[in-house]
Amino acid sequence: MEAVALLLNTLVSRILLSDFTMWLVFLFIGFAFIPPEVVFYLNPKTPAFFPEWFSLSNMASVIFSFVAFMIWHPLSKLLKSRMKQFLVRRKELNKLESLSDDEMQIIYEFTDNHFDSIAFIATPTVISLLAKGVIIKESSQFGAEAKYRLSPKFKRVFLAEFSKSAG
């Protein structure tokens, strides 16, 4: 079952929605679903220098495919970037929801310090936050204390959630 899901994911993300394939889909739609009235109107108006096999209705189908693709391409890029931002935000929210009270105490120390770097001793709680990607080690100091700061992604999500709960 996992192999089928992987195959479907690959088809959708890499093959079916690739640019050339989508242009071919729009080209097919342009040729298959052109109204007969348009064909009857455009074919007699085809200039004499056009090849016999390429009429104005065929040109209209090709132009439709290009215009549809030029509309679809930026919309799909926008949708993909929004989905990526949504998934990153959801991941950071899951991190925030899974924090223990001790870990939240450390996060609140960052808020008290105006989100500047703070030196902590490498306790299991600090190491847990570091492993989750909530905080980032700022200096490469060796010794008992090192400076840490909140990761930018987590900080944005934390501030958004904090402002929702405060307001």
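Owing to the predicted nature of the structure, the values given are computational and were not obtained by experimental measurement. (Residues numbered from 1 in each chain as written. Predicted model: local features only at pLDDT ≥ 70, side-chain atom pairs only at ≥ 80, totals over all residues. Heavy atoms only, no water.)

Peer 1: Describe helix 2 (residues 19-32), naming the residues involved and giving the relevant values.
Peer 2: Here helix 2 contains 14 residues, and its C-alpha end-to-end distance of 20 Å stays within 8% of the 20 Å for a straight helix at 1.5 Å per residue. Taken as a whole, helix 2 has its buried residues at Met22, Trp23, Phe26, Leu27 and Gly30. For helix 2, the buried positions fall inside an angular range of 145° around the axis, keeping them on one side. (Helix = DSSP H or I, 4+ residues; strand = E, 2+ residues; numbered from the N terminus. Expected span 1.5 Å × (residues − 1). Buried < 20%, exposed > 50% of the residue type's maximum accessible area, 1.4 Å probe, protein only. Arc of directions from axis to C-beta.)

Peer 1: I'd like to hear about the pairing of strand 3 (residues 145-150), residue by residue, with values.
Peer 2: Along strand 3, the buried face is formed by Ala146, Tyr148 and Leu150; none of Glu145, Lys147 and Arg149, which line the opposite face, is buried. Relative to strand 3, strand 1 (residues 118-121) runs antiparallel, the two sharing four bridges. The partner of Phe120 across the bridge, within strand 3, is Ala146. Across three bridges, strand 2 (residues 135-137) lies against strand 3 in antiparallel orientation. Bridge assignment links Ile135 to a residue of strand 3, and that residue is Leu150. (Pairing = 2+ DSSP bridges.)

Peer 1: Give a description of a positive patch on the surface that names residues and reports values.
Peer 2: A cluster of like positive charges, contributed by Lys84, Lys91, Lys153 and Arg156, occupies part of the molecular surface. Looking at the positive patch, the elements that each hand over two or more residues are helix 4 (56-97) and helix 7 (152-166). On the basis of relative accessible area, Lys84 is assigned to the exposed category, the value being 61%. (Patch = residues over 30% accessible without salt bridge, like charges linked within 9 Å, V, L, I, M, F, W, Y side chains within 5 Å. Areas by Shrake-Rupley, 256 points an atom, 1.4 Å probe, with all protein chains shown as cover. Salt bridge = Lys/Arg side-chain N within 4 Å of Asp/Glu carboxyl O. Lys, Arg positive; Asp, Glu negative; His and termini not counted. Charge placed at Lys NZ, Arg CZ, Asp CG, Glu CD.)

Peer 1: Now, about unusual backbone geometry: what can you tell me, with residues and values included?
Peer 2: With a phi close to 60°, His114 is a non-glycine residue in the positive phi region. In this fold, His114 is placed in the loop between helix 5 (101-112) and strand 1. Even without being a glycine, Phe115 presents a positive backbone phi close to 60°. Here Phe115 lies in the loop between helix 5 and strand 1.

Peer 1: Give me the lowdown on the sheet that holds strand 3, citing residues and values where you can.
Peer 2: The strand order 1-3-2 describes an open sheet built from three strands, whose pairing is antiparallel. Either end of the sheet is taken by a strand with one partner, and the two such strands are strand 1 and strand 2. Taking each pair of neighbouring strands and ignoring which way they run, the sheet shows an average axis angle of 50°. Against the sheet, helix 5 makes contact with strand 1, strand 2 and strand 3, and its axis sits at roughly 155° relative to strand 1, the strand it touches most. (Axes fitted to C-alpha atoms, helices over the stretch in contact; angles between N-to-C directions. Contact = heavy atoms within 4.5 Å.)

Peer 1: Pulling in residues and values, what's your account of a nonpolar patch on the surface?
Peer 2: The grouping of Met59, Ile63, Val67, Met70, Ile71, Leu75 and Leu78 at the surface amounts to a nonpolar patch, some 640 Å² of accessible area in total. Secondary-structure assignment places Val67 in helix 4.

Peer 1: Can you lay out the packing of helix 5 against helix 6 (residues 124-132) for me, pointing to particular residues and giving the numbers?
Peer 2: Between helix 5 and helix 6, the shortest axis-to-axis distance is 10 Å and the interhelical angle comes to 80°. Considered as vectors, helix 5 and helix 6 are oriented roughly perpendicular to each other. Contact with helix 5, carried on its side by Asp102, Glu103, Ile106 and Ile107, involves Thr125, Val126, Ser128, Leu129 and Lys132 of helix 6 and no other residues of that element. Grouping the constituent residues of the contact of helix 5 with helix 6 by class yields four nonpolar, two polar and three charged. (Parallel < 35°, antiparallel > 145°, perpendicular 65-115°, else oblique. Nonpolar A, V, L, I, M, F, W, Y, C, P; charged D, E, K, R; others polar.)

Peer 1: Which residues make up the packing of helix 2 against helix 4, and what values do they have?
Peer 2: As a packed pair, helix 2 and helix 4 sit with axes 8 Å apart at the nearest point and diverge in direction by 140°. In terms of their interaxial angle, helix 2 and helix 4 are classed as oblique. Once helix 2 is placed against helix 4, the crossing between them reads as right-handed. Contacts from Asp19, Met22, Trp23, Phe26, Leu27, Ile29, Gly30 and Phe31 in helix 2 reach Asn58, Ser61, Val62, Phe64, Ser65, Phe66, Ala68, Phe69, Trp72 and His73 in helix 4. When the residues that make up the contact of helix 2 with helix 4 are grouped by side-chain class, the tally is 12 nonpolar, five polar and one charged. (Left-handed = near helix turned anticlockwise from the far one by under 90°.)

Peer 1: Please set out the nonpolar core residue by residue, giving values where relevant.
Peer 2: Generally speaking, a soluble globular protein has its nonpolar side chains buried in company with each other. Leu99, Ile107, Phe110, Val134, Ile135 and Phe154 are the most contacted members of the largest nonpolar core, which has 19 residues in total. Here this core takes four residues from helix 5, the largest share from any one element. When neighbours within four sequence positions are excluded, Leu99 is seen to be in contact with Met104, Ile107, Leu129, Lys132, Val134 and Phe154. If you look at the next biggest cluster of nonpolar residues, it comprises seven residues, including Trp23, Phe26, Phe69 and Trp72. (Core = buried A, V, L, I, M, F, W, Y, C linked by side-chain atoms within 4.5 Å.)

Keep in mind that these numbers describe shape and distance, not what the molecule does.
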